[in-house]
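Structural overview
The primary structure of each chain is shown beneath.
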Amino acid sequence: MPGSLVGDGLLVDAFGRVARDLRISLTDKCSLRCTYCMPAEGLPWLRKADLLTDDEIVRLADIFIGLGVTSIRLTGGEPLLHPTLPAVISRLASLRPRPELSLTTNGIGLVRTARDLAHAGLNRLNVSVDTLDSQRFRELTRRDRLRDVLAGVAAAAAAGLRPIKVNAVLMRGSNLDEAPALLGWALRHGYEMRFIEHMPLDAQHAWSRDAMVTADEMLAMFGDYTLRPIGHGADGSAPAEEFEVLDGPGAAEWAARPGRLGVIASVTRPFCRDCDRLRLTADGQLRTCLFAQSETDLRGPLRADDTEAKLSNLIRTAVAGKQAGHGINAADFVQPARPMSAIGG
Ligand code: SAM
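Definitions and limits used
- Residues numbered from 1 in each chain as written.
- Predicted model: local features only at pLDDT ≥ 70, side-chain atom pairs only at ≥ 80, totals over all residues.
- Heavy atoms only, no water.
- Helix = DSSP H or I, 4+ residues; strand = E, 2+ residues; numbered from the N terminus.
- Buried < 20%, exposed > 50% of the residue type's maximum accessible area, 1.4 Å probe, protein only.
- Contact = heavy atoms within 4.5 Å.
- Core = buried A, V, L, I, M, F, W, Y, C linked by side-chain atoms within 4.5 Å.
- Pairing = 2+ DSSP bridges.
- Disulfide = S-S within 2.5 Å.
- Near = heavy atom within 4 Å.
- Polar contact = N/O pair within 3.5 Å; in protein donor to acceptor, adjacent residues only side chain to side chain.
- Nonpolar A, V, L, I, M, F, W, Y, C, P; charged D, E, K, R; others polar.

Among the structural elements, I328 can be located in the loop between α9 (308-320) and α10 (340-343). Judged by relative accessible area, which is 2%, I328 ranks as buried. Separated by 237 residues in the primary sequence, I328 and R91 place their C-alpha atoms 37 Å from one another. Look past the residues within four positions of I328 in its chain and what remains in contact with it is P200, W207, R209, S266, V267, F291 and F333.

Below you can see the structure in the form of structure tokens.
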């Protein structure tokens, strides 16, 4: 029953997957220039007139919730650059049924806003910290902001946002040797460390399979730790393969609350079969896969005053056509035109 709706109107694709998680990109701009993501000079940014307004974001989110979406992640680009972020969160938190709200951020400016975001209704967040070394941070992100980032992570914890997940993309010849130190730091602070395989979504198209650090290689670096595999989250649809960290170096400092480690191995251990994610770009295009070659324009119909029923049908049709898998490992794989920063990670 390809693309049909089951009983209560959920979004089901041709492979029986139910879309529950919507990632909304608030901007394609970023305050960092991570070498594995975008060039030093930045990118041709989206035009302001093409960006969804807050009203449009909330209206679309409401429609997605009506179609069964239960969690919304705000991302970018860098979502903290969005000038009215607390208001957007507060408006999303007032939708019913209330979605779970999370944020993926580089943490710059979080020290000033974490409390407001939590008060507005944000439930949890992921912060990207690729290195704890300030010189290396400057080289990797082309900005001297490590201190701000770490202050932001601490502020998020103080504001009660839980769990705090810390993302790091491990790159050979850069931060790979720091993986155990990052894990040790996260365990001491009660953060969940997640290591991500580099994906062919960089604006420079410089990704290479040979240079990529694989999940096997990452996990081999944690030989000093006792890890217990616990799968892909409670419902099996989380991108991270998770491990409980039962013992390891410095365990006396964190043994009272055993930590977690996650590996996001999109390339070598694809998890598309259980994917429940949809993505809405900052300019209102619906993508059913990070690696999709096509998008569904929701902004045009929204601005043409199309009815909720018409927009819902557009979304249903897009989900019905969701591809089986990302295809990175197929011989005919072609990287999508939009880079990660303009899709929403
Ligand atoms: N600016 C925010 C941040 O830094 O978390 C949100 C957007 S960023 C695109 C989301 C995540 O994607 C970050 O953890 C970043 O490191 C990761 N990322 C960016 N480019 C990537 C790539 N080509 N492969 C894998 N992860 C990537």
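A179, L182, L183, G184, W185, A186 and L187 are the residues of helix α6 (residues 179-189) that are buried. Positive backbone phi, at 80°, marks G190, one or two positions downstream of α6.

Bringing the nonpolar core into the picture now. In this structure, I24, I72, L74, L92, L125, F195 and I315 are the most contacted members of the largest nonpolar core, which totals 91 residues. Ranked by residue count, the leading element in this core is helix α1 (residues 54-66), at 7 residues. If sequence neighbours within four positions are ignored, F195 has contacts with A168, L170, A179, L182, L183, M218, F222, L261, G262, V263 and I264. Judged by nonpolar contacts, the second largest core, of 11 residues, contains L201, M212, C289 and A292.

Moving on to the pairing of strand β8 (residues 241-247). As paired elements, strand β7 (residues 226-231) and β8 share 5 bridges and run antiparallel to each other. In the sheet register, T226 faces β8, and the bridge partner there is D247. With 5 bridges joining them, β8 and strand β9 (residues 259-264) adopt antiparallel strand pairing. Note on β9: the bridge partner recorded for E242 is G262.

Another aspect to go through is the state of the cysteines. Throughout the structure, instances matching the rule amount to 0 disulfides. With no disulfide partner, C30 has as its closest neighbouring cysteine sulfur the one in C34, 6.3 Å distant. C272 supplies the cysteine sulfur nearest to C275, a cysteine that is in no disulfide, at a spacing of 6.7 Å.

For the ligand, the set of nearby residues contains 18 residues, the closest of which are Y36, G77, E78, S128 and M199. At 2.6 Å from an oxygen atom of the ligand is found a side-chain nitrogen or oxygen belonging to S128. Contacts to the ligand include H198, whose side-chain N or O atom sits 3.4 Å from a nitrogen atom. Elements represented by at least two residues in the shell around the ligand include exactly β3 (100-105) and β5 (164-169). Across the shell around the ligand, the residue classes break down as 6 nonpolar, 9 polar and 3 charged.

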